[in-house]
Amino acid sequence: MGSRAAGRLEPVPAAATPGRATFLELFFDLVYVFALTRISARAFEDLTQDPGREHGWGTITGAGKTLLLLLALWAVWQGTAWTTSRYDPYKVPLQTVVITALVCSMLMGVAIPRAFSETALLFAVAYVIAQVTRPLILSIALGPHPYRRLKVRMAVVFAFSGVFWISGAMLTTNAQVVLWSVALVIEYLAARCGWPVPGLGRSTVSKWEIAGEHLAERYQQFFLVALGETILVAGFAYSAGPYESGHVWAFALALATSIMLWRIYVQRAGRILGEAVVKARHPANIGRSAADTHLLMVIGLAATAIGYELIIEHPLERIPGAWLAMVLGGPALFLAGRARLEYEVFGRVSPSRWIALTVLVASSVPLLHLPGVIATAFGVVVLATVAVIDARRARGAPPEAAAPPF
């Protein structure tokens, strides 16, 4: 690392051939395996701690708060991934950014179960530090480079939104949710608009230089992290026992679901996302679009993992609506995101995606209040059908090349 770590920080050239993700980046991802399990545990507690909440407003608000925490985790991960895809990840300033984000993400994960009570300030402070220090470190390391103004604007935005994060952590739960939501809206809108700051201007996303293949690989790796979390949740839930036939079936169906989710993702758009980013006229635009797509799929995987835990622990009980939303809604969100990914890579969407998505949504009414393993089995059949259709379409045909519409 010695010689590469020396010298002033420079953005990667747009046409540069990127290296693979560094060990530090993969180490950083491991923190998110833990953090995502905390997300699932929190949602599971919301759905099971009070039987009266399964159908009520409490379930909706609990899901909204959990989603808020997941969006915050994603914001830190995505900001770090974009940074290592725009600058040499072997440089000391970049490694400092990643290590800082790693520590802060770990603290956020620890705080998640009680993030709207006793650990609210821990979560908020860790989040603000991760988001503010990244552009500050880069603005110093970039020196007089024109990108320095972008980092200064980002630091200003995150410092401003940080006031909402810290203030909200010290208020009642309802006020906390409102202020944290406002902070996230400010940050997400600022990113979409080129980080505008009065007196400092704004930037155009299409002009950003990124190592597109590296960024695509990072999204693929985060998808695997989220998929691995579903396996962990299923394993932990089943290992707690009992090992009666219903629990065995629920566990087997959970594993089958994860396998189908993996198979659908990698066939073929998920495998060649990097090629699509390189071919795009503006790689940063498809990179930003792929970020939204993978966020949708990750939310779907998180919901699916929650469904695993619910059904493995209560396999033969009648499934309430909130539980069914996890069991079938998770795969449905994944398919919606996967359809969007296919459009980003090939400029079209296979009919099987939308048909399967429609079937999952339509089946929610007849499956309501049936045993959970039946709903889970139905989801596996739908996903397996999509996977088989994908395999038959690809069999005997030359590999389809990326044709991004960007």
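Residues numbered from 1 in each chain as written. Predicted model: local features only at pLDDT ≥ 70, side-chain atom pairs only at ≥ 80, totals over all residues. Heavy atoms only, no water.

An unreviewed UniProt entry annotates the protein as Low temperature requirement protein LtrA of Micromonospora jinlongensis.

Caption draft 1: Molecular detail of helix α4 (residues 92–111). When the terminal C-alpha atoms of α4 are compared, their 29 Å separation across 20 residues agrees well with the 28 Å that a helix rising 1.5 Å per residue should span. Considered for burial, the residues of α4 that qualify are Leu 94, Gln 95, Val 97, Val 98, Ala 101, Leu 102, Cys 104, Ser 105, Met 108, Gly 109 and Ala 111. (Helix = DSSP H or I, 4+ residues; strand = E, 2+ residues; numbered from the N terminus. Expected span 1.5 Å × (residues − 1). Buried < 20%, exposed > 50% of the residue type's maximum accessible area, 1.4 Å probe, protein only.)

Caption draft 2: Region of interest: the packing of helix α6 (residues 147–169) against helix α7 (residues 173–192). Relative orientation of the contacting elements α6 and α7 amounts to 165°, with a least axis distance of 7 Å. With respect to their mutual orientation, α6 and α7 come out roughly antiparallel. You can see that α6 and α7 cross each other, and the crossing is left-handed. Contact with α6, carried on its side by Val 157, Phe 158, Phe 160, Ser 161, Phe 164, Trp 165, Ser 167, Gly 168 and Ala 169, involves Gln 176, Leu 179, Trp 180, Val 182, Ala 183, Leu 184, Ile 186, Glu 187 and Ala 190 of α7 and no other residues of that element. Here the contact of α6 with α7 is built from residues that sort into 13 nonpolar, four polar and one charged. (Axes fitted to C-alpha atoms, helices over the stretch in contact; angles between N-to-C directions. Parallel < 35°, antiparallel > 145°, perpendicular 65-115°, else oblique. Left-handed = near helix turned anticlockwise from the far one by under 90°. Contact = heavy atoms within 4.5 Å. Nonpolar A, V, L, I, M, F, W, Y, C, P; charged D, E, K, R; others polar.)

Caption draft 3: Just the nonpolar core, in detail. Of all hydrophobic cores here, the largest spans 118 residues; its most connected members are Tyr 32, Phe 123, Tyr 127, Trp 165, Trp 180, Tyr 219 and Val 345. A total of 15 residues in this core trace back to one element, the largest contributor, which is helix α11 (residues 283–313). Looking at which domains feed residues into this core, each of domain 1 (23–47 + 57–193) and domain 2 (212–394) gives three or more. Within the second largest apolar cluster, seven residues are counted, among which are Leu 9, Leu 94, Ala 141 and Leu 142. (Core = buried A, V, L, I, M, F, W, Y, C linked by side-chain atoms within 4.5 Å. Domains from an automatic or database assignment.)

Caption draft 4: Local environment of unusual backbone geometry. Along the chain, Gly 241 connects to Pro 242 via a cis peptide bond; the corresponding omega equals 0°. Secondary-structure assignment places Pro 242 in the loop between α8 (212–239) and α9 (245–266). Note that the residue after Gln 267, namely Arg 268, is joined by a cis bond; omega there is -20°. Inspection of the secondary structure puts Arg 268 in the loop between α9 and α10 (273–279). A positive phi angle, near 55°, is found at Trp 195, a position not held by glycine. Along the chain, Trp 195 falls in the loop between α7 and α8. Owing to a relative accessible area of 6%, Trp 195 belongs among the buried residues under this scheme. For His 369, which is not glycine, the phi torsion reads 75° and is therefore positive. We classify His 369 as partly exposed; its relative accessible area is 39%.

Caption draft 5: Spatial organisation of the domain arrangement of the protein. By the assigned domains, the protein splits into domain 1 (23–47 + 57–193) and domain 2 (212–394). For domain 1 versus domain 2, the separation of C-alpha centres amounts to 25 Å. Listed as interface residues are 25 residues of domain 1 and, on the opposing side, 29 residues of domain 2. Summed over both sides, the interface between domain 1 and domain 2 buries roughly 2,600 Å², with carbon and sulfur atoms accounting for 73% of that surface. On inspection of domain 1 and its partner domain 2, the count reaches three salt bridges. Residue Arg 218 pairs with Asp 29 through a salt bridge whose shortest N-O separation is 2.7 Å. Viewed at the interface, domain 2 and domain 1 are joined by 10 residue pairs in polar contact (both at pLDDT 80 or more). Residue assignment for the side of domain 1 that touches domain 2 shows that the elements contributing at least two residues are α2 (23–48), α3 (57–86) and α7. (Buried area = accessible area lost by both parts, 1.4 Å probe. Salt bridge = Lys/Arg side-chain N within 4 Å of Asp/Glu carboxyl O. Polar contact = N/O pair within 3.5 Å; in protein donor to acceptor, adjacent residues only side chain to side chain.)

Caption draft 6: Structural view of the packing of aromatic side chains. In the structure shown here, the tally under the stated rule is 18 aromatic pairs. Their ring planes at 40° and their centres at 6.5 Å tell us that Phe 123 and Trp 165 sit as a pair that is tilted. Placement of the pair is Phe 123 in helix α5 (residues 120–141) and Trp 165 in helix α6, with a sequence separation of 42 residues. The class of Phe 123 is buried, set by a relative accessible area of 0%. On the basis of relative accessible area, Trp 165 is assigned to the buried category, the value being 0%. Ring geometry for Phe 223 versus Phe 334: centroids 6.0 Å apart, planes at 35°, classification tilted. Linking Phe 223 in helix α8 with Phe 334 in helix α13 (residues 329–346), this pair joins segments that are 111 residues apart in sequence. Like Phe 223, the residue Phe 334 is buried in the burial classification. The structure contains a cluster of three or more aromatic residues connected by ring pairs, namely Phe 28, Tyr 32, Trp 74, Trp 77, Tyr 219 and Phe 222. The ring of Phe 116 carries Lys 65 above its face, with NZ or CZ at 5.4 Å from the centroid. (Phe/Tyr/Trp six-rings, centres within 6.5 Å; stacked < 30°, edge-to-face > 60°. Lys NZ or Arg CZ within 6 Å of the ring centre and 35° of its normal.)

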